[in-house]
Amino acid sequence: MPNDDEIYHYASKYYDPIKAHEYYMQRRVLKGRASGIKNSTLSPSSLQNSLSGNKRTVTETQRDEMKARAEELRKEIAESISKRIKRLSDEDKKRVGDEIKRVIEKAREEYNRSKSR
């Protein structure tokens, strides 16, 4: 049986075991039993392969949807810009053209920077 002198070196004047326990009880997150297929005839590796295949299909579908949406947005923006340009005077067209060139150049630089990472 250890005496108080042997245990005392672990203690700190700032540590309160009751407060520590209360803190733990307030913030603990209990994890229940993992749900899954019981008594399956499939091996765990085949289950993992089938699940990962489904995920890949979903991401490809999502990627296609995102590409289609991006193309729609590009067309809308192009139409909007062309309508605005038709309403501008020659001086304004030159100014807008220069601004568009700057924006395109900036986008290219950002793309090249992100590509090089």
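Residues numbered from 1 in each chain as written. Predicted model: local features only at pLDDT ≥ 70, side-chain atom pairs only at ≥ 80, totals over all residues. Heavy atoms only, no water.

Trainee: Honestly, the overall build of the chain in this entry has me stumped. Any pointers?
Mentor: Helix and strand content of the chain: four helices and zero strands. Listing each helix as α and each strand as β along the chain from the N terminus yields α-α-α-α. Burial status across the chain gives 1% buried among its 117 residues. For the chain, the accessible area works out to roughly 12100 Å², and carbon and sulfur atoms hold 53% of it. (Helix = DSSP H or I, 4+ residues; strand = E, 2+ residues; numbered from the N terminus. Buried < 20%, exposed > 50% of the residue type's maximum accessible area, 1.4 Å probe, protein only. Areas by Shrake-Rupley, 256 points an atom, 1.4 Å probe, with all protein chains shown as cover.)

Trainee: Would you take a moment to explain the layout of surface pockets for this structure?
Mentor: To find leftover empty space, a probe the size of one water molecule is rolled over the atoms. Computed from the structure, the largest pocket encloses a volume of approximately 300 Å³. Forming the boundary of the largest pocket are Ser 80, Ile 81, Arg 84, Ile 85, Leu 88, Arg 95, Val 96, Glu 99, Ile 100, Val 103 and Ile 104. Going through the elements one at a time, α3 (44-87) and α4 (90-116) are the ones with two or more residues in the lining of the largest pocket. The biggest single contributor to the lining of the largest pocket is α4, with six residues. Tallied by class, residues from the lining of the largest pocket come to seven nonpolar, one polar and three charged. (1 Å grid on protein atoms, 1.4 Å probe; cavity = no way out; pocket = protein on both sides within 12 Å on 5 of 7 lines; lining within 4 Å. Points joined across faces, edges and corners; volume = space filled by probe spheres on them. Nonpolar A, V, L, I, M, F, W, Y, C, P; charged D, E, K, R; others polar.)

Trainee: How do you make sense of a nonpolar patch on the surface when you look at a structure like this?
Mentor: A cluster of nonpolar side chains, Leu 73, Ile 77, Ile 81, Ile 85, Ile 100 and Ile 104, forms an exposed patch at the surface whose accessible area comes to about 450 Å². Elements with a minimum of two residues in the nonpolar patch: α3 and α4. Tallying contributions element by element places α3 first for the nonpolar patch, with four residues. Residue position: Leu 73 is located in helix α3. By relative accessible area, which is 34% here, Leu 73 ends up partly exposed. (Patch = residues over 30% accessible without salt bridge, like charges linked within 9 Å, V, L, I, M, F, W, Y side chains within 5 Å. Salt bridge = Lys/Arg side-chain N within 4 Å of Asp/Glu carboxyl O.)

Trainee: I would appreciate a short explanation of a positive patch on the surface in the present structure.
Mentor: On the surface, a cluster of positive charge is made up of Lys 83, Arg 84, Lys 86 and Arg 87. Considering the arrangement of structural elements, one finds Lys 83 in helix α3. Exposure remark for Lys 83: the relative accessible area of 56% places this residue in the exposed category. (Lys, Arg positive; Asp, Glu negative; His and termini not counted. Charge placed at Lys NZ, Arg CZ, Asp CG, Glu CD.)

Trainee: Help me understand the confidence of the model for the chain, please; the structure alone is not making it clear to me.
Mentor: When pLDDT is low, close inspection of the predicted coordinates is not appropriate. For the chain, per-residue confidence averages 78 on the pLDDT scale, and residues scoring 70 or more make up 71% of the total. Element-level pLDDT for the chain is lowest in helix α1 (residues 4-8), with a mean of 57, against a maximum mean of 88 in helix α2 (residues 17-27). (pLDDT = per-residue confidence, 0-100.)

Trainee: Honestly, the pattern of salt bridges in this entry has me stumped. Any pointers?
Mentor: Working definition: two side chains of opposite charge can pair if their charged atoms are close together. In total, this model carries four salt bridges according to the counting rule given. The partner of Arg 69 in a salt bridge is Glu 72, with the nearest N and O atoms 3.6 Å apart. Of this pair, Arg 69 and Glu 72 both sit in helix α3, three residues apart, roughly one helical turn. For Glu 72, a relative accessible area of 42% gives the class partly exposed. Of the charged contacts, one joins Glu 99 and Arg 95 as a salt bridge, the two residues approaching to 3.1 Å between their closest N and O atoms. Of this pair, Glu 99 and Arg 95 both sit in helix α4, four residues apart, roughly one helical turn. Under the relative-accessibility criterion, Glu 99 is labelled partly exposed at 34%. Residues joined by salt bridges that share partners form a network here, namely Asp 92, Arg 95 and Glu 99.

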